[in-house]
Amino acid sequence: MSDVVKKTLTALPALFDAQTGAAKITNGLKQLVKSITELTSKHEEENLIKQELSAIKEQVASPNTSMNQMREIMVRAMYCEMLGYDASFTYIHAIKLAQQGGVMEKRVGYLAVSLFLSEGHELLLLLVNTVLKDLQSTNLIEVCMALTVVAQVLPKDMIPAVLPLVEEKLSHSKEIIRRKAVLALYKFYLIAPNQVQHIHGQFRKALCDKDPGVMTSSLHIYQQLIRENPDGYKDLTVSFVTILKQVVGGKLPMDFNYHNVPAPWLQIQLLRILSLLGRDDQSTSDLMYDVLDESLRRAEMNHNITYAILYECVKTTYTICPKADLLEKAARCIGNFVLSPKINLKYLGLKALTYVVQHDAKLALQHQMTIIECLDHSDYTIKRETLELLFRITNAQNVTVIVEKMLDFLRVCNDDHTIIHLVGKVAELAEKFAPDNSWFIQTMNDVFSIGGDLSQKDIMNNFLRLMAEGSDCKEEDEQLRLYAVDSYLSVLKENSSHLPQNFLQVMSWVLGEYSHLQESLDQREVVHLLMKLLDQKSVTCETRVWVLSALTKLSKDQTDLILDLAESLSSSQDTVLRQQAQELCHLSQDSELHGWVLPRGAPWDSVEVDSSLSFLDGFVSEALAAGAAPYKPPHQRQEELCEERALNLEPYGFNLPVSLSSCSITDRQSPTLSSGLSGNSAEQKAGSSTLILEGVKRVWGKEGYLSQKDTTGETAQVEEPATAVQSSKQQGAAERSEPQPEPSQQNQGKQQLASSLFVGLGDQSSTSLLGKSEAPPSRFKRKPRPHASSSSSSGTSERSSDSSHSLRSTADSFLYGNLLEEEPATTMSHFNRTHKSDSDVTKHHHHHNQANGLNQNKDADVATNRSVNTSQILGSDMVIVRPNTTQNKFPTDLTKLLPGDVKGLPRSDVISLTSDPSLSLSSCRVFRDESLLLVIFISNCTDTTIANVAVQLNCEELETASLRGNVMAFLEGGSVSVCHYALVMNDPQTNVSFTGNVSYQTQGHTNTLLFSGTLSTVDFIRPLVVTTEEYGKLWLSLSHDVKQNLKLLTDADDPLRLTLNAITDTLQLHVVDIIGSEGIVACRLLSGAPCLLHCRVNGAALAVWLRSPLPALPDCILYHCQKSLAEH
């Protein structure tokens, strides 16, 4: 047994020492701990634990067991679970102990529950009433325990039952209760953000709490909120800066100090929040410079925790808009770290350098010899981080040297995680910067050989896709494929038994597709080599399928060999191999059929694939008419099997239609009343009756326990994003000092290696960094995919690569890098500033504009009514913290300048993005059926001509389908140019922030104007027009669903129709049908993903059931539904 386990088990009894008010533990528990620590083998441990569990089972079943004894038994059961043995028979007794015992028994019971049960465990339902009772207790210890267990194990479905009580605890007189309540709300936000949207105002109250602990707890929530929507919390920048100044100045109590450093973890969290707020925002960054300078100055103590603060200061300094003197201080800190003889500091310096080298590549030149020495360092983590740094500075000039260093490290590496991580990076570099075909193929061979079956499937898939799709140059494609064929033939001629399965699959596919290109090659030789693979015992069934597919392609002129092979595989136990053997036999005997099924040399985009299997529609319709059950995907069937075995947690208050409630698999049925489809083949009887609940007091509902107090007057309080005025970005930091000369004793080999690794970094124009927004052209230029606007899921710009970068996104960006279509800009000269908006423009609802504006100004009354919180963290010693708000101006005279092909489409109002003395930027959103058109108006506010105007828009969450007019050679004085981006959202998000810049030249000087904005899911939702029958069929095929009660508008005779109209005023939804108290609604994301809503009047609420193939889409739509009803 390890020393860690020994120390842990030995220290646990101290939890129940007399200091805590508990009695001394009994000899039985002491003896168990002692016996476990004295064991010498795993077999002895298993025998001991079996005996112990048998004794525990007898004791818990005895009616004479007291509460004190049960407490000790529970601790012994936790010992056994910690060692990995099943003690599930004690789970129910842990819940009983939390329900029936005193304070100490509750403590042990809650501890056991939090260790035993996961969030999805059905026994947690039995704990809800106990938690509710303890939350209302006058005993502070019981309240603290209840809040702790709520934050640890309470599942999403039980949040509505406890949320009102947890919210009340935010106003408790004891700071420990308020702190635990904030942490519980943070957990609620992580697992169910829609259910706590209405209490964002309480978060601000917690931020301004007089107790520093409560304020610190609220930062967890704000860090998550700001990460998702930084523009919505710009007004709190002054508050966070003031808090950090107070912390750095030592205004907090001494209890928060660690090694004489004031609240270091609080400083780190505040620095991370400031970096999120100041990114690409000059005006917000200006507020942070002083406190960052103070933090860098004060954090100079020689202690590990100050190094952590310095590291976060450096990251924040390079993340926000730059300032020259701050950059110099940050660079000096990095140099001190990198040159330190301590391994921990050297690692921290390399990590910081890896981060900032994306912003300033020249910084790596100052430490190039130190980086070379780190490549040969004895510490494993130093080597790994150095390779990560080299990955960030790779360009077309140094790629061969850096990839060679990575492969050398991988050949001696034994850590699976590092191998998976690095082989993906090597593959990415090979695709981006390959100098020639031979180097690329040889490098990918090393990737497949070294990475083996540990490497991600995306590496293999992207490589094969690259080979299949090719580039714009057919000659280069053919040379690449010929070299790959020659390379793989030479590999297979050697001993291939040790090769990974992924590599064998790649070689099989390439040889089957392109071996015919080698005219001097005998195809029988290829067939013999592939057949040898089938005889190897190490080859898996999956690889055999790939080999058989390759042989099928080569079987046209090899009938004798193929027939023998097909006959030998016809008796295989693998059904897939048997099927392929039969296909191989038929195709080899019919050359005409073979040529039609597997056309040799056919382009990849000429193959038509019917992914919907529409040719089976007639057969499916006949089967359904004959009473067959609709098809259910495997994951859906598995869910239903689990539901049948588990407890039925569906609350009685949510009255489902008769066709659902009478079915054994209710969760998978269509909610429509007219489709006639059912999960069972038997027909539902029309005379079925439902349970009548009129007059019955509702205690449990869809969300769980229903609070008995009146909540009809409460409305969801939705945070409005604060606007921020952005000014021009500073024109770069001061030039770095030249690299210092190295000592004359430096090894000549290291000097040569440094010149190879850091080539291209001295001249900014030749620098090629993966983190830059403008990446260099790839070695292989991909063809644009047909129908890219509907099928492509990748972005159009290169995205930043970090240590957790997904290879799929990189490959997609690599493959689809040429989708943008640039066209010359059109200029509207001498615009009139008194123009009014076009009367022909289709009216777009005010609610839609208000909910989804790009940094829109808020109404004056909203700004006035916003509560201004103050921070009194330490009484009179503290400075009052007030949120900061700014406003933009709205140009209203640009609507006539919209392109003619979009003037008749629904659109938002024209709003101002940013401006400077020379240019003014405004925008509006035009809602097309296939995309969102973001129109940007560039107005020349001067009388002189502006040259070389270029607009760049960046948003990693959105796909740019096309753009027009983003580059202009000249913009005359007093004129307006229009450019527009067609945007598509593939991954639903409640709000998406975009940034951009406009570069232009005036009087020979280059200027940059930054702008930013926010889009929401509503901008990318369109109506889905379907019939009721189509709705029912589609409902059955969707797997991800969300259920929620919404506010029901009761101001009219038909509340359901009124509520649906209010929702459709904000969201572009299609009301399919309304039948009595039920309604069905459909919409789609622009990427094509549908979302269906089933609405039912349920008392004073509207019960909504949403279903979609995308897990995040129902939550996003539900959030905007709540918001629209709250604003109605």
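Reading guide: rules and limits
Residues numbered from 1 in each chain as written. Predicted model: local features only at pLDDT ≥ 70, side-chain atom pairs only at ≥ 80, totals over all residues. Heavy atoms only, no water. Helix = DSSP H or I, 4+ residues; strand = E, 2+ residues; numbered from the N terminus. Buried < 20%, exposed > 50% of the residue type's maximum accessible area, 1.4 Å probe, protein only. Contact = heavy atoms within 4.5 Å. Areas by Shrake-Rupley, 256 points an atom, 1.4 Å probe, with all protein chains shown as cover. Salt bridge = Lys/Arg side-chain N within 4 Å of Asp/Glu carboxyl O. Axes fitted to C-alpha atoms, helices over the stretch in contact; angles between N-to-C directions. Parallel < 35°, antiparallel > 145°, perpendicular 65-115°, else oblique. Left-handed = near helix turned anticlockwise from the far one by under 90°. Nonpolar A, V, L, I, M, F, W, Y, C, P; charged D, E, K, R; others polar. Core = buried A, V, L, I, M, F, W, Y, C linked by side-chain atoms within 4.5 Å. Phe/Tyr/Trp six-rings, centres within 6.5 Å; stacked < 30°, edge-to-face > 60°. Lys NZ or Arg CZ within 6 Å of the ring centre and 35° of its normal. Expected span 1.5 Å × (residues − 1).

1. Here we look at the overall build of the chain
Part 1 of the reasoning: Within the chain one finds 43 helices and 20 strands.
Part 2 of the reasoning: Considering the chain as a whole, with its 1128 residues, one finds that 51% of them fall into the buried category.
Part 3 of the reasoning: Partitioning the contacts of the chain with sequence separation of at least 6, the portion at a separation of at least 24 is 70%.
Part 4 of the reasoning: Put simply, the chain shows about 51,500 Å² of open surface, and 50% of that area lies on carbon and sulfur atoms.

2. Things to note about the pattern of salt bridges
Part 1 of the reasoning: Taken as a whole and judged by the stated rule, the model has 28 salt bridges.
Part 2 of the reasoning: With a shortest N-O distance of 3.7 Å, arginine 411 and aspartate 446 are connected by a salt bridge. Placement of the pair is arginine 411 in helix 22 (residues 399-412) and aspartate 446 in helix 24 (residues 437-451), with a sequence separation of 35 residues.
Part 3 of the reasoning: Close ionic contact of aspartate 1041 with arginine 1107 constitutes a salt bridge, the shortest N to O distance being 3.3 Å. Of this pair, aspartate 1041 sits in strand 16 (residues 1040-1047) while arginine 1107 sits in strand 20 (residues 1101-1108), and the two are 66 residues apart along the sequence.
Part 4 of the reasoning: A relative accessible area of 0% places arginine 1107 in the buried class.

3. Comments concerning the packing of helix 17 (residues 304-319) against helix 18 (residues 324-338)
Part 1 of the reasoning: Relative to each other, helix 17 and helix 18 sit at 140°, their axes nearing to 10 Å. With respect to each other, helix 17 and helix 18 are oriented oblique. As for how helix 17 packs across helix 18, the hand of that crossing is left-handed. For the pair helix 17 and helix 18, contact is made by Tyr307, Leu310, Tyr311, Val314, Thr317 and Tyr318 and by Leu326, Leu327, Ala330, Ala331, Cys333, Ile334 and Phe337, respectively.
Part 2 of the reasoning: Per-class residue counts for the contact of helix 17 with helix 18 are 12 nonpolar, 1 polar and no charged.

4. Some remarks on the environment of glutamine 269
Part 1 of the reasoning: Looking at where glutamine 269 falls in the secondary structure, it is placed in helix 14 (residues 264-278).
Part 2 of the reasoning: Each C-alpha atom of the pair glutamine 269 and leucine 244 lies 9.7 Å from the other, and the pair is 25 residues apart in sequence.
Part 3 of the reasoning: Not counting residues within four places of it along the chain, the set of residues in contact with glutamine 269 comprises Thr216, Leu219, His220 and Gln223.

5. Concerning the nonpolar core
Part 1 of the reasoning: Ranked by internal contacts, the top residues of the largest apolar core, which has 205 residues, are Phe188, Phe240, Phe463, Val510 and Leu530.
Part 2 of the reasoning: Aside from chain neighbours lying at most four places away, what touches phenylalanine 240 is Leu207, Leu219, Tyr222, Ile226, Leu270, Ile273, Leu274 and Leu277.
Part 3 of the reasoning: Ranked by size, the runner-up nonpolar core spans 58 residues in total, among them Val949, Phe994, Ile1021 and Leu1085.

6. Digging into the packing of aromatic side chains
Any two aromatic rings considered together are summarised by their centre-to-centre distance and by the angle between their planes.
Part 1 of the reasoning: Applying the stated rule across the entire model yields 14 aromatic pairs.
Part 2 of the reasoning: Arranged with centres 6.0 Å apart and planes meeting at 85°, the rings of tyrosine 222 and tyrosine 233 form a pair that is edge-to-face. Separated by 11 residues along the polypeptide, tyrosine 222 in helix 12 (residues 212-228) and tyrosine 233 in the loop between helix 12 and helix 13 (237-248) bring together distant segments of the chain.
Part 3 of the reasoning: The exposure class of tyrosine 222 is buried, given its relative accessible area of 1%.
Part 4 of the reasoning: Here a set of aromatic residues connected by ring pairs shows up, and it is made of Phe440, Phe448, Phe463, Tyr488 and Phe503.
Part 5 of the reasoning: Across from the ring centre of phenylalanine 391, 4.0 Å away, lies the NZ or CZ of lysine 425, which sits over that ring.

7. Points about helix 18
Part 1 of the reasoning: The end-to-end C-alpha distance of helix 18, which contains 15 residues, comes to 21 Å, matching closely the 21 Å that a straight helix rising 1.5 Å per residue would cover.
Part 2 of the reasoning: Of all the residues in helix 18, the buried ones are Leu326, Leu327, Ala330, Ala331, Cys333, Ile334, Gly335, Phe337 and Val338.
Part 3 of the reasoning: For helix 18, the secondary structure elements touched by its buried residues are helix 16 (289-298), helix 17, helix 19 (343-356) and helix 20 (368-375).

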